[in-house]
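Structure assessment
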Amino acid sequence: MKQFSIECTDFPDALIAWFKVHGRKLPWRATRDPYAILVSELMLQQTQVSTVLFYFDRWMQLFPSTESLARATENEVLRAWQGLGYYARARNLHRAAQVIFWELKNRFPDSIAELKRLPGVGEYTAGAVLSFAFDRPAPIVDANIARVISRIEDIRENIDRSTGRKTIWGVAARYARHGAPRLSNSALMELGALICLPRNPLCKLCPVRSYCRTPDPESLPVRNNRPAVTHVIENYYLALDQNRLLLQMNLGRRWRGLWTLPRLSETPPDGPVASLTHPVTRFVVHLNLYKIAVPAELLPSHEWHFIKDLHSVPIASPHRRVLEMVGPLQASLRAGG
DNA sequence: AACGCGGGGTA
DNA sequence: TACCCAGCGTT
């Protein structure tokens, strides 16, 4: 039977000893409230720690419990999430709180299977809640841990493919059998965040370098190539009527529940009053804003909003940014964060 | 088993 | 610009 160095008790012990000294004090590490942990995990999906800090703190003040979040309106929830992106996460978290509070009578799920039934909770997030909140052994593999494990074990399978992912999760599962799940999962993740960096890993500072099998850490993990970027031009119009601004509610999948500027199908003769370039996923969007007279016909999704109330309206970030460029709207957009 | 999500920060 | 990030849901 193949013996992995990760099974030696020395490895987790060395890692945890390092983590206790060098691990960051993050707000979601200072609590064992499963709701707070769940909030942090949803926010941290595909989003870096430094970005989440501000949103997490404000969210926990606005919605300190499953009950307060379950009772909130979708508009309030999306407004609190505004700027964090991937808004499906906000709706998932909202629905998860409603399921826990009403359907589960506010008893927080405490098994992988139950947690995965919550919207927005997959294998990773379920394991994170179980280990961080309940200190129960559960493997987790995020981008950090995938990188650490692939290097420690010199795994050269593509981690974007199912076989490669299976290999990594298998190692993580062996690792999770050792005690202190909260500490060991946190430590593994933190090693990836602080030492075992994607580029220029700090191997000379690594507390477990003697266990590391790869001769070439920077080549790992092996991942798919990124698709080429596609350039897109999008035109919108600025319609002001006295102290009101016309916005459009998104009803499709993209930005559902968020307001954007009303879409303009053709390019007007006069130049835009504001423009910005907005890279997102595999697109680069060139967004143009044209000033037009009050439109003759409004769509059902169109609605006038008082400019003084814009701070409480969830608006997609690029649209909020291009509106800030226009000038007189700045104060209303920024008030209330 | 891929792919879309069309976000945001950093080197 | 390219790349990365405490992934998930859908097809």
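Residues numbered from 1 in each chain as written. Chains lettered and ligands numbered in written order. Predicted model: local features only at pLDDT ≥ 70, side-chain atom pairs only at ≥ 80, totals over all residues. Heavy atoms only, no water.

**Structural notes on the protein's contact with DNA strand B**
Heads up, the condition is: For this description, a residue counts as near a given molecule or strand if any of its non-hydrogen atoms is within 4 Å of it. Polar contacts, as used here, are pairs of N or O atoms within 3.5 Å; protein pairs need one atom able to donate a hydrogen and one able to accept it. Residues neighboring in sequence count only if both atoms are side-chain atoms. Starting at the N terminus, helices and strands are each numbered in turn, a helix being any DSSP run of H or I of at least four residues and a strand any DSSP run of E of at least two. In this count, Pro and Cys sit with the nonpolar residues alongside Ala, Val, Leu, Ile, Met, Phe, Trp and Tyr, while Asp, Glu, Lys and Arg are called charged and the others, Gly among them, polar.
Around DNA strand B, a shell composed of 20 residues is seen, among which Gln 46, Gly 83, Arg 161, Arg 254 and Val 280 lie nearest. By atom count, sugar and phosphate contribute 57% of the portion of DNA strand B lying within 4 Å of the protein. Note that a phosphate oxygen of DNA strand B is positioned 2.4 Å from one of the side-chain N or O atoms of Arg 161. For the surface near DNA strand B, the secondary structure elements donating two or more residues are strand E1 (230-238) and strand E5 (274-280). Looking at the surface near DNA strand B residue by residue, the class counts come to 6 nonpolar, 10 polar and 4 charged.

**A few points about the pattern of salt bridges**
We apply this condition: The term salt bridge refers to a side-chain nitrogen of Lys or Arg lying within 4 Å of a carboxyl oxygen of Asp or Glu. Exposure is judged per residue with a 1.4 Å probe applied to protein chains only, and the accessible area is read against the type maximum: over 50% gives exposed, under 20% gives buried, and values in between give partly exposed.
Applying the stated criterion across every chain, the model contains 11 salt bridges. One salt bridge in this structure joins Arg 71 and Glu 67, with 3.0 Å as the shortest N-O distance. Taken together, the residues Arg 71 and Glu 67, both in helix H4 (residues 66-71) and 4 residues apart, mark about one turn of the helix. Judged by its relative accessible area of 33%, Glu 67 is partly exposed. Notably, a salt bridge pairs Asp 110 with Arg 136, separated by 4.0 Å at the nearest N-O pair. Of this pair, Asp 110 sits in the loop between helix H6 (88-103) and helix H7 (112-116) while Arg 136 sits in the loop between helix H8 (123-134) and helix H9 (143-152), placing them 26 residues apart in sequence. Asp 110 sits in the partly exposed class, given a relative accessible area of 33%. In this structure Arg 136 comes out as partly exposed when scored by relative accessible area, which is 34%.

**Looking at the packing of aromatic side chains**
Formally: Ring pairs are drawn from Phe, Tyr and Trp, using the six-membered ring of Trp, whenever the two centres fall within 6.5 Å, and their geometry is named by plane angle: stacked under 30 degrees, edge-to-face over 60, tilted for the rest. When the NZ atom of lysine or the CZ atom of arginine is within 6 Å of a ring's centre and also within 35 degrees of its normal, the charge is said to sit over that ring.
Scanning the model with the defined rule gives 7 aromatic pairs in all. Between the aromatic rings of Phe 11 and Tyr 175, the centroid separation amounts to 5.7 Å while the plane-to-plane angle is 85 degrees, which identifies the pairing as edge-to-face. You can see Phe 11 sitting in helix H1 (residues 10-22) and its partner Tyr 175 sitting in helix H10 (residues 162-176), a full 164 residues away along the chain. The buried category is assigned to Phe 11, whose relative accessible area is 0%. Arranged with centres 5.3 Å apart and planes meeting at 85 degrees, the rings of Trp 28 and Phe 56 form a pair that is edge-to-face. Residue Trp 28 is located in the loop between H1 and helix H2 (34-44), and its partner Phe 56 is located in helix H3 (residues 49-62); the two are separated by 28 residues in the primary sequence. Accessibility classification places Trp 28 together with Phe 56 in one group, the buried group. Cluster of aromatic residues (ring-pair linked, three or more members): Phe 11, Tyr 175 and Tyr 211. If you follow Lys 308 out to its NZ or CZ, it ends over the ring of Phe 306, 5.5 Å from the centre.

**Description of the side chain of Arg 182**
Stated formally: By the counting scheme adopted, Arg and Lys are positive, Glu and Asp are negative, and His together with the chain ends is not counted. Contacts are assigned to residue pairs that have any heavy atoms within 4.5 Å of one another.
Among the secondary structure elements, Arg 182 is positioned in helix H11 (residues 181-194). In this structure Arg 182 is buried but unpaired, with Asp 135 as the nearest side chain of opposite charge at 4.1 Å. Contacts of Arg 182, omitting those with residues within four sequence positions, involve Arg 32, Ser 131, Phe 132, Ala 133 and Asp 135.

**Some thoughts on the packing of H2 against H3**
Short version of the rule: Every angle, taken between N-to-C directions, lies between 0 and 180 degrees, and every axis is a line fitted to C-alpha atoms, over only the stretch in contact when it is a helix. By the definition adopted for this analysis, an angle is roughly parallel if under 35 degrees, roughly antiparallel if over 145, roughly perpendicular if from 65 to 115, and oblique otherwise. Should the near helix be turned anticlockwise from the far one by less than a right angle, the crossing is left-handed, and should it be turned clockwise, the crossing is right-handed.
In contact at an axis separation of 10 Å, H2 and H3 are set at 140 degrees when each is read in the N-to-C sense. In terms of orientation, H2 lies oblique with respect to H3. For the pair H2 and H3, the sense of crossing is right-handed. Packed against H2, whose contacting residues are Tyr 35, Ala 36, Val 39, Ser 40, Met 43 and Leu 44, the element H3 presents Val 49, Val 52, Tyr 55, Phe 56, Trp 59 and Met 60 at the interface. Each residue belonging to the contact of H2 with H3 can be placed in one class, and the counts come to 11 nonpolar, 1 polar and no charged.

That's the geometry; what it means functionally is another story.
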